[in-house]
Amino acid sequence: MKASAKVVLISTLLAMALSGCRHRDTKPASEAAAKPVPQGVPEVQLPFASLKPEATWKIGETADWVVIAPDAVWVAGSKPDSVQRIDPKTNKVVASIPLPAEACSGLEFAFGSVWVPVCTKPSSMLRIDAKTNQVSATLAIGPAGGEGGITASADSIWLVTDIVGTLVRIDPKDNTIRQKVQIDAGSFNPVFSEGTVWISGNETNTLAAVDAATGKLLERVAVGPKPRFLVAEAGSVWTLNQGDGTISRVDANTRKLVATIRPGLPGEGGDICYGGGSLWATLFDLPLTRIDPATNKVVRQWKGKGGDSMRFGHNALWLTDYFGGTLARIPLEELLKP
């Protein structure tokens, strides 16, 4: 990238950061409703209302960010700003932990804790002890923006902390920074898999691979426009590209782009996850899309109000309705019905 172009990019990102730490497309529902509904893939669509959740919870005025633990599902919400713990055996909320501001760049479960980046001023991160359901530490280390992410490797927590691309490696033993890795400006969302931290470059249209042992930048792979949320499973890394609504599939071993999937999901927000033998994506008004990883084809899509973030675990998909402020548990067998 030329120096002049880099200055323009950083200036643009700085202006966005100063406008507030905002997650997804958090405009009021009335304003969001005025946007054109994404078309998706009409020939495989069903009404979202045709899906029957096993349980639904009211989380707050908004509901966002989900993480799966072996014995719990954690979900963040606003008004009140909190993280709630759900027991998947009983479908009951067993704890609610207040936050000093809105959770804004994902949740991660690792090292016996839930890690919660929050949009305080300046941004910070809370560590919640999963045994006591209490905040055990508040770190003066926070996310670069409101649509970022957080991930854990075998010995570290990883988070991008500024707009110029500082990937921070946090030691969970003492909650301190053990390493800083410089990646491209405009990269915000990391995910760990099999020794590699992958980071989507929203402003560079790339996927970066960083060695989780050394912090060395290994590769940049060109993917679709405005990649944001991503998942690494089944030998691949998948990026949901906000620019044109495609999904890029990169082979994790060769680090080569091997497929471009077209589910028709353009725009801010959304999420992507893997589970039950399928790839899943969500976006406002197209709350759920199922993709067969064997064929890279969209096999089912549900249309209607809802959606924005999700994770798969405990044999179910856990899907938020951001504007409705709810979390739904949808069993896998319900999702696979013809």
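Just above, that's the structure.
Worth saying up front: this structure is predicted, and the values here are computed from it rather than measured. (Residues numbered from 1 in each chain as written. Predicted model: local features only at pLDDT ≥ 70, side-chain atom pairs only at ≥ 80, totals over all residues. Heavy atoms only, no water.)

Novice: What is the right way to look at the sheet that holds strand S29 (residues 326-331) in this model?
Specialist: Adjacent strands of a sheet form backbone hydrogen bonds with each other and so pair up, either parallel or antiparallel. Spatially, the 4 strands line up as an open sheet ordered S2-S29-S28-S27, and their pairing is antiparallel. Taken across any chain shown, the strands that pair with only one partner, and hence form the sheet edges, are strand S2 (55-58) and strand S27 (310-313). The mean inter-strand angle of the sheet, taken between neighbouring strand axes irrespective of direction, is 15 degrees. Note that strand S28 (residues 316-321) and S29 share 6 bridges and pair antiparallel. (Pairing = 2+ DSSP bridges. Helix = DSSP H or I, 4+ residues; strand = E, 2+ residues; numbered from the N terminus. Axes fitted to C-alpha atoms, helices over the stretch in contact; angles between N-to-C directions.)

Novice: Looking at this structure, I do not really get the pairing of strand S25 (residues 286-292). What am I missing?
Specialist: For S25, the buried fraction is high: 5 of the 7 residues fall into the buried class. As judged from the 4 bridges shared by strand S24 (residues 278-283) and S25, these two strands associate in the antiparallel manner. The residue of S25 that forms the bridge with leucine 279 is isoleucine 291. The hairpin turn running from S25 into strand S26 (residues 297-303), its antiparallel successor, is 4 residues long, and asparagine 296 in that turn takes a positive phi close to 60 degrees. (Buried < 20%, exposed > 50% of the residue type's maximum accessible area, 1.4 Å probe, protein only.)

Novice: Quick question: what am I supposed to make of the environment of valine 164 here?
Specialist: Its place among the elements puts valine 164 in the loop between strand S12 (157-160) and strand S13 (166-171). Residues valine 164 and alanine 144, spaced 20 residues apart in sequence, show a C-alpha to C-alpha distance of 9.0 Å.

Novice: What is the right way to look at unusual backbone geometry in this model?
Specialist: A negative phi angle is the norm for most residues apart from glycine, just as the trans form is the norm for most peptide bonds. The omega torsion of the bond from lysine 79 to proline 80 falls at 10 degrees, within 30 degrees of zero and hence cis. Take proline 80: it is sitting in the loop between strand S4 (72-78) and strand S5 (82-87). Residue proline 122 is bonded to the preceding lysine 121 through a cis peptide linkage, with omega at -5 degrees. Of note in the backbone geometry, asparagine 175 takes a positive phi value of approximately 60 degrees without being a glycine. Secondary-structure assignment places asparagine 175 in the loop between S13 and strand S14 (176-182).

Novice: What is the right way to look at the pattern of salt bridges in this model?
Specialist: When the charged atoms of two side chains with opposite charge come close together, those side chains can pair. This structure, assessed with the given rule, holds 12 salt bridges. In this structure, the salt-bridge partner of aspartate 155 is arginine 169, at a minimum N-O distance of 3.2 Å. Taken together, the residues span a long stretch of sequence, with aspartate 155 in the loop between strand S11 (150-152) and S12 and arginine 169 in strand S13 at a distance of 14 residues. Relative accessible area serves as the criterion here: at 33%, aspartate 155 is assigned to the partly exposed category. Residue classification places arginine 169 among the buried positions, given a relative accessible area of 2%. For lysine 226, the salt bridge goes to glutamate 203, with nearest N and O atoms at 3.0 Å. Linking lysine 226 in the loop between strand S18 (217-222) and strand S19 (227-233) with glutamate 203 in the loop between strand S16 (196-201) and strand S17 (206-211), this pair joins segments that are 23 residues apart in sequence. Taking relative accessible area as the criterion, lysine 226 reaches 32% and is therefore assigned partly exposed. Each of the salt bridges in this network shares a partner with another, and the network as a whole consists of Asp155, Arg169 and Arg178. (Salt bridge = Lys/Arg side-chain N within 4 Å of Asp/Glu carboxyl O.)

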